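Analysis of the macromolecular model
Below, each chain spelled out in residue letters.
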Amino acid sequence: MRLPCPCCGWRDLREFTCIGAADYLERPTADAPPEAWDAYLHVRDNPAGPARELWYHDPCGTWLVVERDTVMHAVTGSRAVEDAQ
Amino acid sequence: MRFSGFRVLKEGFGGNRGWKLQWRKPDPKPAYDMLIIGGGGHGLATAYYLAKNHGMTNVAVLEKGYLGSGNIGRNTTIVRANYFLPGNSEFYSHSLKLWEGLEEELNYNVMHSQRGLINLFHSDGQRDAFARRGNAMLAQGDDAILLDREGVRAILPYLDFEQARFPIYGGLYHKRGGTARHDAVAWGYARGADLRGVDLIENCEVTGMSVESGRVSGVSTTRGEISARKVGIVTAGRTSQVAAMAGLRLPIESHILQAFVTEGLKPCIDHVVSFGMGHFYISQSDKGGLVFGGDLDFYPSYASRGNLPGVEQVMEAGMTLMPMIGRAKILRSWGGIMDMTPDGSPIIDRTPIDGLYLDAGWCYGGFKAVPASGWCMAHLMATDQPHPVARRFRLDRFATGRLLDEEGTGSQHNLH
Amino acid sequence: MKRRASGGSAIERARGVPFRFDGREMRGCRGDTLASALLANGVRPVGRSFKYHRPRGVLTAGSEEPNALVELKRDGAYQPNIRATLQELHPGLEARAQNCWPSVRRDVLAVNDLLAPFLSAGFYYKTFMWPRAFWEGLYEPLIRRAAGLGRLPRAYDASLHERAFAFCDLLVIGSGPTGLMAALTAGRAGADVVLVEEDRQMGGLPLSQGGQIDGRGADGWVQRVLRELQGLPNVRLMPRTSVFGVYDGGVFGALERVGQHLAEPGLVPRECYWRITAKRAILASGALERPIAHPGNDRPGVMLLSAVASYWQRWAVDPGRVVVFGNNDHALTTAQALAAEGMQIAAYIDSREDVAGEAPFPLRAGAEVVGTRGRQGLREVTIRARGRESRIACDTLGLSGGWNPTLALTCHQGARPVWDEAIAAFVPRPGMLPGLEAAGAARGCFSTAACLADGVEAARAALAELGLTAPDIALPEADDSPYTLRPLWQVKAPGRAWLDFANDVTTKDVKLAAQEGFASVEHMKRYTTQGMAPDQGKSSNMGALAVLADATGGSIPGTGTTTFRPPFVPVSIGALGAGARGKGFRPERRTTSDTQVRALGAPMIEAGLWYRPSYFPKPGDPDWRTACNREVGYVRKAVGVCDVSTLGKIAVQGPDAGRFLDFVYTGTMSRLAVGRVRYGLMLREDGHVMDDGTCARLGEQDYLVTTTTAAAGEVMRHLEFVQQAFCRGWQLRLCSVTEQWAQMAIAGPLAGELLAHVLGEVPDLPFMGYQPVQVGPVAARLFRISFSGERGYELAVPARYGADLFRQLVALAEGLGGGAYGMEALNVLRIEKGFLTHAEIDGFVTAFDLGLQGMMSRKKDFIGKAASGRPGLTGAERLQLVGLRPQDPTAELTAGAHLYPREAPAKATHGQGHVKSVCYSPTLGTWLGLALVTNGRARHGEMLRLDDGLRGNRCEVTLCDPVFFDPEGGRMRD
């Protein structure tokens, strides 16, 4: 698998670290109820199909939101986390 | 039909024409007392123990493909009871005890082979962590021996003791650990459940779930509507999709784990060996192939296949640990879809929907758990009470913080 | 008997090659494969089958070979399961048959064959269950010994392997007419092309079958195209290379046999594992002929017809008297061509009734082979035609049951092929694997003319997608005769008919599986082991599937295929793991003082990827503890020096740096004064402790964060995430500077005095202070921090000065009665003080567990704050950090031991906690431990039993505060 890094272009999978669904970007506020924190940290849609994920490109330090299909593994998009949303 | 050596001889003389179907191929009835979604190891074991332990036989197992088509037929077949956290420890201990009588129980040779498992360690810190684990195993009534470097060398002389990047300090030897023939476990439980009257329905995919005022009443399938009082979801790998049919979102992310087998070889690795400085575990099947695996590919996936970096990392670990395997050739690789939970431990619990039960989240340790998982899920579905050895496998433990994180790697699903 | 005919395009007869097989001296020719040389030497059984140990001969001439697997001597040991059909002969080659004892001709386990009625599919699931203990003790060892194929030597595998990467516009897999035309078209268009071919020679089927292309001999045409391709700088030809897997994003795994054919490869690797990244790929892998399941079809001498032709054409192996048994036109034309070239065709047998043709041999239409004879090799076949049987003496039986497109690679991403009734085979669907298209015979186009055209067409399509213009290319003329067949999967006649030669699966086994309900193709495979042998059923899966469909009354496409998975051909672990043997597994990180500490004799231990000195032995030391105690003494009484450069160092700079650090630490760093250092705790977002370390404010907008050695990478990644995800628009930058600074700890009552020698004066720096200093001309950083509980400094210089600084510091320390100290002493010093490492911060502990809840700011949000408040993460149910002292100070504590009430048994239900770290404290004259104990902080003073059943260690311990030495901390402050 290869992924596009906005800094470095298409690079091999071995250079990246994935931490899972992009849900980690939606951090609740400090005073959010425990349910919100539970959902944020643990509960996932876990789609079989198009998904948004968080990947880290180790050589350049960029965190990415990657759009990828979890069944076919096709990568359809990638943006730096800083530019996402 | 009872299986035995005598029977094999008798049928052999008769041209093997007398062997019968190992399980019936029934059409689904419109209603059952209980439905198990998922005809894998856990689902079949659940059905078996529902019938055997609780007398529940008006039960159907619904399988979208063929029985045993999921991870039960796609793993590295390791059976062990070497956990240390209360909650895991007693559960896997119970499971190993069930394994130890499984052939007689099922009248099916699942080839459970207690050839011994050795977890290697490579630093003082790892030794202390394994000592903690070993002492927990002893306290649970299981077996453990702490080997030093020479103790390991005596048993596994083919490891690289001289030049490995991470020297071998010793190992934790779990003599009752071993392997089993994975497919046979599914078939044995299937045959046992079928004999007791459970309907095993293949090629029957659940497409929807009927939930009325917070209670489950049945499922829609590719072979029609089926109603039931109680429904168990036992579909590791696809748990999130099935649960979503009932409107549930779960603390699970699906990941891919690759495994490998080499061409057949004469006996050369007699134990299960696990490397401590990188995920690598290996044993040799009775057919002669070296069966081994490593870590997740780390990205969410429902494809039962992986990519080359995952392959390379496993091979690299093998080469630094036991360079002799450089001459062996990989014959086949495959991937299994893992229900990864935020603490690496499973869930056997009721759900917020009445009558709907969940057995899921086995991460990549589900194979050895099959007997106890079936036992405890059957107990839960029959009695509505958690079985004592599975009482900590709660669905709400992530919210409460009463976690079972053996690895201490935290809530990120793919780190377990 | 077998010998050489004339001709043979692949061999140089003048150059004889001596080799040994099973101890016998033989000679082959340069250009031979081991299989062709064995055949030319008249060797018939080359191995024994898996289950019944029946003699097996060469079946094919390619990598799909199920039978001719041998052990090959290589670099001092025998490598098992080498395909004789791929292995090129070289002088001195030594090989031997496998899975037989004492020899391939007389094999004791051949007795299994007599027991065949009782060894039917899955018999082992039904027996060997009683008595229970006999499984591990008797049955399993017997089964294991009988099973398996070759022997894997336990000796170190010192063979050289390599790993390489290639990138191209177009990867063409296979160099037959299709692949050559595709490569030529793309090559002329200027695309970067990689053309791979499994064989030593490029050219594919024409090399074996002759014929005409472009009005000349096919071989001549191949050579002309190859010459042009070789002249194109944008085309790379890779013979001896098998593409074994297709992975995501146009990544292909390939194995090149670089030096596997050399007698003395020297520094040439045996094999090279390639990761090829291609924008587009064309699969021109051709097709494989399939055998026919007829009784006795497993005898040595029964071969695929294509292999008979190949060995004749390329290696001039004379097969003797040949009977051809086929069901298709191609079989007949091949027999005719071979006869015209002088091969003795004893008869042509075709199961079809309506076959006729001019032939110099008897042509038997509507006939089938129903039996064979010959103990070690074929002598005779029995033919049945219109109910009457007759026998024909022969040496070789050439089977042709039709052809299967070699489509495995198109299925590696899970897609399934479709059934093509016309050729009775599965073919790939267009577009079933993104970026890869099959062409030519691989998609069922079987005439040479069709393949040539399809190669061009596939290249045109790929070029269009690449944005390149395809050149006009003239299609060479070639044979375009149609291929028709009538499927014949099994000959229905008494006797065992083999499907999977390697795993000994017969048609009866497949029928038995269906009879017992294993009617799904996957169940059948798993129950019978069909297709699970080294050839992965390349020649047998199709037949087994047809037999299963027949047994269940289903159709072949309805029954479906099993899953095609990588690798397409077996790949050695040595190649895939190239470079990782020994120290190559992970990078080795060395500090700047590495050479010096090794010169001092220090045993080195691994700390993550780093090496650190364990202790510094002196002559006469009876044991390591003597050295450790001495080094502890340096620090407690004089001064010790330790290289701490392995700790992670992260520069955090910018106007918002303080605000950022407030968010990632539990405490407040923004109010830290310039020139001050603070101990900090970072949590994971799930509320557990991630790491601890110091944070120094070097300037108004300039902080330096330190991490533990092991967690440096994880913390950096975490900080990057927090900044990029949650601090958008904040002005700060992060940079790891671990490698840039060498940092030395100087600890002990005389630390200041030592520093005076280096800096010119005793630095006026309070505890937890920082100041820039000059070490001679070098700008350096001085921190007053302590991990020992003594007056301590850490002096950091740019890494290139690290070695000099260390040498100078150690010399000065020795002058003051101290010296260098290693990790053992460091550990004792920190345990005496109750300071933490990742032995305690094990990923499961919270700040509360460690007694550090006071460091969690109530006034601000920070990472991990919310989740750390979950009910299960605080309170009396938690395991909390305590100190342990044994009742008897000489009683040794052991880490990993568990703790129980004094009188309670060592049962899980009585467990109170466990020991994390221990040391013998020379300072306090007793063993000390740090432990996690349920509700431990409330239980100081309580006595428990330490129980380490694993090591037979038990003693009584008292719980206490984890700070054993100088609890007020006066020694490090003053």
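Look up: the structure comes first, before these words.
Here goes a summary of the coordinates provided. Everything numeric in this text was worked out from a predicted model, so none of it was measured. (Residues numbered from 1 in each chain as written. Chains lettered and ligands numbered in written order. Predicted model: local features only at pLDDT ≥ 70, side-chain atom pairs only at ≥ 80, totals over all residues. Heavy atoms only, no water.)

As a further point, take the packing of aromatic side chains. This model, assessed by the stated rule, comprises 47 aromatic pairs over all chains. Where B:Tyr83 meets B:Tyr92, the ring centres are 4.1 Å apart and the plane angle is 10 degrees; that geometry is what we call stacked. With respect to burial, B:Tyr83 and B:Tyr92 carry one shared label: buried. A centroid spacing of 4.9 Å and a plane angle of 70 degrees characterise the contact between B:Phe91 and B:Phe393, whose relative ring orientation is edge-to-face. Of the two residues, B:Phe91 sits in helix H3 (residues 89-99) while B:Phe393 sits in the loop between helix H10 (366-383) and helix H11 (397-400), which places them 302 residues apart along the sequence. Take B:Phe91 and B:Phe393: they sit in the same class, and that class is buried. Over the ring of C:Phe568 we find C:Lys538; its NZ or CZ atom is 4.7 Å from the centre of that ring. (Phe/Tyr/Trp six-rings, centres within 6.5 Å; stacked < 30°, edge-to-face > 60°. Buried < 20%, exposed > 50% of the residue type's maximum accessible area, 1.4 Å probe, protein only. Helix = DSSP H or I, 4+ residues; strand = E, 2+ residues; numbered from the N terminus. Lys NZ or Arg CZ within 6 Å of the ring centre and 35° of its normal.)

Next up on the list: the environment of C:Val677. Residues and elements named next belong to chain C. Tracing the backbone shows Val677 in strand S38 (residues 677-683). Distance from Val677 to Ala599, taken between C-alpha atoms, is 34 Å for residues 78 residues apart in sequence. Those residues within four positions of Val677 in sequence are excluded, and the remaining contacts are Leu672, Thr694, Cys695, Ala696, Met768, Gly769, Tyr770, Phe783 and Ile785. (Contact = heavy atoms within 4.5 Å.)

Opposite the 121 residues of chain C that make contact, chain B presents 119 residues. If you sort the residues of chain C by the area they bury against chain B, C:Arg144, C:Ile573 and C:Leu950 come out on top, with a joint share of 9%. Taken together, the connections running from chain C to chain B amount to ten salt bridges. B:Glu312 is the salt-bridge partner of C:Arg275, the closest N and O atoms lying 2.9 Å from each other. Taken together, the links from chain C to chain B amount to 76 residue pairs in polar contact (both at pLDDT 80 or more). Taken together, the residues that form the side of chain C that touches chain B break down as 54 nonpolar, 30 polar and 37 charged. (Buried area = accessible area lost by both parts, 1.4 Å probe. Salt bridge = Lys/Arg side-chain N within 4 Å of Asp/Glu carboxyl O. Polar contact = N/O pair within 3.5 Å; in protein donor to acceptor, adjacent residues only side chain to side chain. Nonpolar A, V, L, I, M, F, W, Y, C, P; charged D, E, K, R; others polar.)

The next subject is the interface of chain B and chain A. Listed by partner, the interface residues are 28 residues for chain B and 26 residues for chain A. Taking both partners together, chain B and chain A bury about 2300 Å²; carbon and sulfur atoms supply 48% of that area. Considering only the side of chain B, the residues that lose the most area to chain A are B:Arg249, B:Tyr299 and B:Pro300, jointly responsible for 24% of the buried surface there. For the pair chain B and chain A, the number of links is five salt bridges. A salt bridge links A:Arg14 to B:Glu316, with the shortest nitrogen-to-oxygen separation between them at 2.9 Å. One can count 17 residue pairs in polar contact (both at pLDDT 80 or more) joining chain B with chain A. Contributing elements (two or more residues each) for the side of chain B that touches chain A: helix H8 (239-245), strand S12 (253-262), strand S15 (290-300), helix H9 (308-321) and H11 of chain B.

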